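Coordinates in review
Here are the chains, one letter per residue:
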Protein chains: 2
Amino acid sequence: MADNYHHGNLRQALIDTGIRIINEKGEDNLSLRGVAAECGVSRSAPYSHFKDKEELLEAIKGSVNDKFTDELKNACAGTKSADEALIAMGRAYIDFFRRNPDYYTFLFGRQNIVAHLAMDKIHEEDYPPFLLLREMYKKHLKENNLKKSYKEQELDLLKTWAVVHGMASIACMTGVETGIDWDDPDNGVVT
Amino acid sequence: MADNYHHGNLRQALIDTGIRIINEKGEDNLSLRGVAAECGVSRSAPYSHFKDKEELLEAIKGSVNDKFTDELKNACAGTKSADEALIAMGRAYIDFFRRNPDYYTFLFGRQNIVAHLAMDKIHEEDYPPFLLLREMYKKHLKENNLKKSYKEQELDLLKTWAVVHGMASIACMTGVETGIDWDDPDNGVVT
DNA sequence: CAGCCATCTTGACACTGTCAAGTTCGCCAC
DNA sequence: GTGGCGAACTTGACAGTGTCAAGATGGCTG
């Protein structure tokens, strides 16, 4: 049967059902054998597409990261100024992980990002969400006619990222409703 | 032999070697059987002290959390004002996870804290490090003769925790050296 | 048509968490 | 002391896991 052999797009199927399983049952309950089974394929078929279980997880991570980055971009899309965009991004960042708490550990747990990007300092890295933040931040400086030293900019970016990222983490841990008027504080931090 | 039976303090021994293994080989490579073996005890001996592997992990987590809280307290100890104490705590918080990056995921990963403390909102929780932060924050308000609404206080605390926690997370992910003059920014955020 | 080779399968192994049943031994009532 | 209770520990067993080696399949290229 041509059904069993040459599945067609097993690689993508594995990634997709992998994401679904993580959503339904959490990262802990994702097994290579399980993913393979749900794709209607034998236990070691995945080894034709991924060296490791780890490599499949990395691929899934990449996919989730794309979705995350898209949501951040969409949040920016409807805004008229860089200031608005920064606020919208902050909201979207936190919302994303409030809606999918499991993704926080999944994306940021372990040494994933380090392994992926091998960056030395934050401002040298190419983590897409951070690139987006920097871009908007520079726009914000231009629009408001602000001049800052490189050091000051670096610190602003780090602080902004930290506060938003921290809020997301806290929101995931506690399930807290961030009853916060982002229009004020985020701006306060950035400027 | 009295050596095999009634180990004496197996419970604590399991926790201690558990911590050691996590330090040496990471959480992923910690197996119940492994811990038991290193304690010179059979594979299911741990089940006399812990219901689960999860219950052992929780115990280890508690132990690590104690160490973390101690370091924060020690950081406060040498300070003369609440403002100084807050800064010292922020530094200690970030330093702790820069020294032990694995602990970040271990402590804050999954739903650990939620499961542990079952808190609804941040200001109602009893997570020791946060209690310490709030205590120092209130001292800071008193020492500086500041009056703030409950809402404002809540927001200050959340923002402060978020920025410090976020910095810690970022530091763990990136291994970045936080070349930051904490004497300025932290104060700026808190006040 | 021949055969290459990516793709997939089956068999096997070591390792894991967990349970049931049995063993050991300190301790307490008699 | 002696009996035995019960906590602490052991051994045997089972299902599930990641991974590899060897073989089967079948679309593509010559």
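Residues numbered from 1 in each chain as written. Chains lettered and ligands numbered in written order. Predicted model: local features only at pLDDT ≥ 70, side-chain atom pairs only at ≥ 80, totals over all residues. Heavy atoms only, no water.

Moving on, we come to the overall build of chain A. When you go through chain A residue by residue, the secondary structure sums to 9 helices and 0 strands. The order of α-helices and β-strands along chain A, N terminus first, is α-α-α-α-α-α-α-α-α. Expressed as a percentage of the 191 residues in chain A, the buried residues total 50%. Accessible surface for chain A amounts to roughly 9700 Å². Of this, 47% is attributable to carbon and sulfur atoms. (Helix = DSSP H or I, 4+ residues; strand = E, 2+ residues; numbered from the N terminus. Buried < 20%, exposed > 50% of the residue type's maximum accessible area, 1.4 Å probe, protein only. Areas by Shrake-Rupley, 256 points an atom, 1.4 Å probe, with all protein chains shown as cover.)

Looking now at the packing of aromatic side chains. All names here are of chain A. For the structure on display, the rule yields 24 aromatic pairs over all chains. On the basis of an interplanar angle of 90° and a centroid distance of 5.0 Å, the ring pair of Phe96 and Phe97 is categorised as edge-to-face. For Phe96, a relative accessible area of 0% puts it in the buried group. Members of the aromatic cluster, joined through ring pairs, are Phe68, Tyr93, Phe96, Phe97, Tyr103, Tyr104, Phe108, Tyr127, Phe130 and Trp161. Between Lys61 and the ring centre of Phe106, over which it is positioned, the NZ or CZ distance is 5.2 Å. (Phe/Tyr/Trp six-rings, centres within 6.5 Å; stacked < 30°, edge-to-face > 60°. Lys NZ or Arg CZ within 6 Å of the ring centre and 35° of its normal.)

What follows concerns the domain arrangement of chain A. Residues and elements named next belong to chain A. Its domain assignment divides chain A into domain 1 (10-51) and domain 2 (61-172). Across the contact, 6 residues belong to domain 1 and 5 residues belong to domain 2. With both sides pooled, the region where domain 1 packs onto domain 2 buries about 500 Å², and carbon together with sulfur makes up 57% of that total. When the area that domain 1 buries against domain 2 is broken down by residue, the three leading residues are Ile19, Ile22 and Glu27, summing to 70%. Joining domain 1 to domain 2, the criterion identifies 0 salt bridges. (Domains from an automatic or database assignment. Contact = heavy atoms within 4.5 Å. Buried area = accessible area lost by both parts, 1.4 Å probe. Salt bridge = Lys/Arg side-chain N within 4 Å of Asp/Glu carboxyl O.)

The final tally for this structure, using the stated rule, is 14 salt bridges over all chains. Residue Lys148 of chain A is joined to Asp156 of chain A by a salt bridge in which the shortest nitrogen-to-oxygen separation is 2.8 Å. Between Lys61 of chain B and Glu58 of chain B there is a salt bridge, with its nearest N and O atoms 3.6 Å apart. One end of the pair is Lys61 of chain B and the other is Glu58 of chain B, both in helix H3 (residues 53-77) and 3 residues apart, which spans about a single turn. Owing to a relative accessible area of 18%, Glu58 of chain B belongs among the buried residues under this scheme. Within this structure, Arg20, Glu24 and Glu38 of chain A form a network of salt bridges that share partners.

Quick look at the nonpolar core now. In summary, soluble globular proteins display a tendency toward joint burial of nonpolar side chains. Counting residues in hydrophobic clusters, the biggest one holds 110 residues, and the most contacted among them are Ile60, Tyr93 and Phe97 of chain A together with Ile60, Tyr93 and Phe97 of chain B. Once residues lying within four places of it in the same chain are set aside, the contact partners of Ile60 of chain B are Ile15, Gly18, Ile19, Ile22, Leu30 and Phe106 of chain B. (Core = buried A, V, L, I, M, F, W, Y, C linked by side-chain atoms within 4.5 Å.)

Once that is clear, we can look at the environment of Cys172 of chain A. Residues and elements named next belong to chain A. Looking at the element boundaries, Cys172 is found in helix H8 (residues 150-174). According to the relative accessible area criterion, Cys172 is buried, its value standing at 15%. Once the C-alpha coordinates of Cys172 and Ala82 are considered, the two residues, 90 residues apart in sequence, prove to be 27 Å apart.

Okay, the packing of helix H1 (residues 10-25) of chain A against helix H3 (residues 53-77) of chain A next. Residues and elements named next belong to chain A. It is the contact of H1 with H3, at a shortest axis distance of 9 Å, that shows an interaxial angle of 75°. Between H1 and H3, the crossing angle belongs to the class labelled roughly perpendicular. Taking contact as the criterion, the partners of Arg11, Leu14, Ile15, Gly18, Ile19 and Ile22 in H1 are, on H3, Leu56, Ala59, Ile60, Ser63 and Val64. A breakdown of the residues in the contact of H1 with H3 according to their chemical character gives 8 nonpolar, 2 polar and 1 charged. (Axes fitted to C-alpha atoms, helices over the stretch in contact; angles between N-to-C directions. Parallel < 35°, antiparallel > 145°, perpendicular 65-115°, else oblique. Nonpolar A, V, L, I, M, F, W, Y, C, P; charged D, E, K, R; others polar.)

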